Amino acid sequence: MNYKDLVKTALKYRENAYSPYSNFKVGAAVLFESGKVYGGCNIENASFGATNCAERSAIFKGVSEGENKILAIAIVGSLEEYTYPCGICRQVISEFGDENIKVILAKNEEDYIVKDMSEILPGAFTKGDLERNNK
Ligand code: THU
């Protein structure tokens, strides 16, 4: 799947956002190594801390189906500016791939930029940190 199609999928899932508190809709689409794509939206809660971001909704769907390596993720929040993933989502994205994961930030299917994971989460804490220090 190309980046434009991934953005289209993120836009589609953005429509399913459950965001009555922030009124901020976010959609995400994740391409895994298998070639399969999983979409997700943000899901808010009256207990605000229980809110789940679009990126994690999509990732958790894929991982629940047996996926474990992310190649790319497209994110559409605001349609006026690029919406970057929050810190928690950056950490979760980095758990399932390497520094070359492509993060596609889109306003729409014609207007997007592509970042490497290493650019938006330099010095990530990874399983390697635990392995090296748990001997
Ligand atoms: N949100 C996401 O879904 N992804 C992000 O990376 C940024 C924030 C959602 C969470 C909440 O529903 C709303 O945007 C406002 O924070």
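This one's a predicted model, so the numbers in the text were calculated from it and none came from an experiment.

Colleague: Where do I start with the layout of surface pockets in this structure?
Modeller: Size it by volume and the largest pocket reaches roughly 250 Å³. In terms of lining residues, the largest pocket is bounded by Ser-94, Glu-95, Gly-97, Asp-98, Glu-99, Met-117, Ser-118, Leu-121, Ala-124, Phe-125, Thr-126 and Lys-127. Elements supplying a minimum of two residues to the lining of the largest pocket: helix 3 (87-95) and helix 4 (117-120). Of the residues in the lining of the largest pocket, the class split is four nonpolar, four polar and four charged. Estimated volume of the second largest pocket: approximately 160 Å³. Forming the boundary of the second largest pocket are 14 residues, of which Phe-24, Val-26, Asn-42, Glu-44 and Cys-53 lie nearest the centre. Class assignment for the residues of the lining of the second largest pocket results in seven nonpolar, five polar and two charged.

Colleague: For this particular structure, what's the right way to read the site of the ligand?
Modeller: Neighbouring the ligand are Ser-22, Phe-24, Val-26, Asn-42, Glu-44, Thr-51, Cys-53, Ala-54, Glu-55, Tyr-84, Pro-85 and Cys-86. With respect to the ligand, the side chain of Glu-44 contributes an N or O atom lying 2.5 Å from an oxygen atom. A distance of 3.0 Å separates an oxygen atom of the ligand from a polar atom in the backbone of Cys-86. Contact with the protein chains covers 79% of the free accessible surface of the ligand, which is 380 Å². Of the pockets mapped on this structure, the ligand occupies the second largest pocket. Among the residues forming the shell around the ligand, the class breakdown is seven nonpolar, three polar and two charged.

Colleague: Help me understand the nonpolar core, please; the structure alone is not making it clear to me.
Modeller: Nonpolar side chains in soluble globular proteins tend to be buried together. Counting residues in hydrophobic clusters, the biggest one holds 19 residues, and the most contacted among them are Val-30, Ile-59, Ile-70, Ile-73, Ile-93 and Val-103. Within the residue set of this core, elements represented by two or more residues are strand 1 (27-32), helix 2 (54-64), strand 3 (70-76), helix 3, strand 4 (102-108) and helix 4. With sequence-adjacent residues up to four places away left out, Ile-70 is seen in contact with Val-30, Leu-31, Phe-32, Ile-59, Ile-93, Phe-96, Gly-97 and Ile-101. One finds Leu-6, Ala-29, Val-76 and Ile-104 within the second-largest nonpolar core, a separate group that totals 10 residues.

Cut-offs used in this document
Residues numbered from 1 in each chain as written. Predicted model: local features only at pLDDT ≥ 70, side-chain atom pairs only at ≥ 80, totals over all residues. Heavy atoms only, no water. 1 Å grid on protein atoms, 1.4 Å probe; cavity = no way out; pocket = protein on both sides within 12 Å on 5 of 7 lines; lining within 4 Å. Points joined across faces, edges and corners; volume = space filled by probe spheres on them. Helix = DSSP H or I, 4+ residues; strand = E, 2+ residues; numbered from the N terminus. Nonpolar A, V, L, I, M, F, W, Y, C, P; charged D, E, K, R; others polar. Near = heavy atom within 4 Å. Polar contact = N/O pair within 3.5 Å; in protein donor to acceptor, adjacent residues only side chain to side chain. Areas by Shrake-Rupley, 256 points an atom, 1.4 Å probe, with all protein chains shown as cover. Sits in = over half its atoms within 2 Å of the grid points. Core = buried A, V, L, I, M, F, W, Y, C linked by side-chain atoms within 4.5 Å. Buried < 20%, exposed > 50% of the residue type's maximum accessible area, 1.4 Å probe, protein only. Contact = heavy atoms within 4.5 Å.

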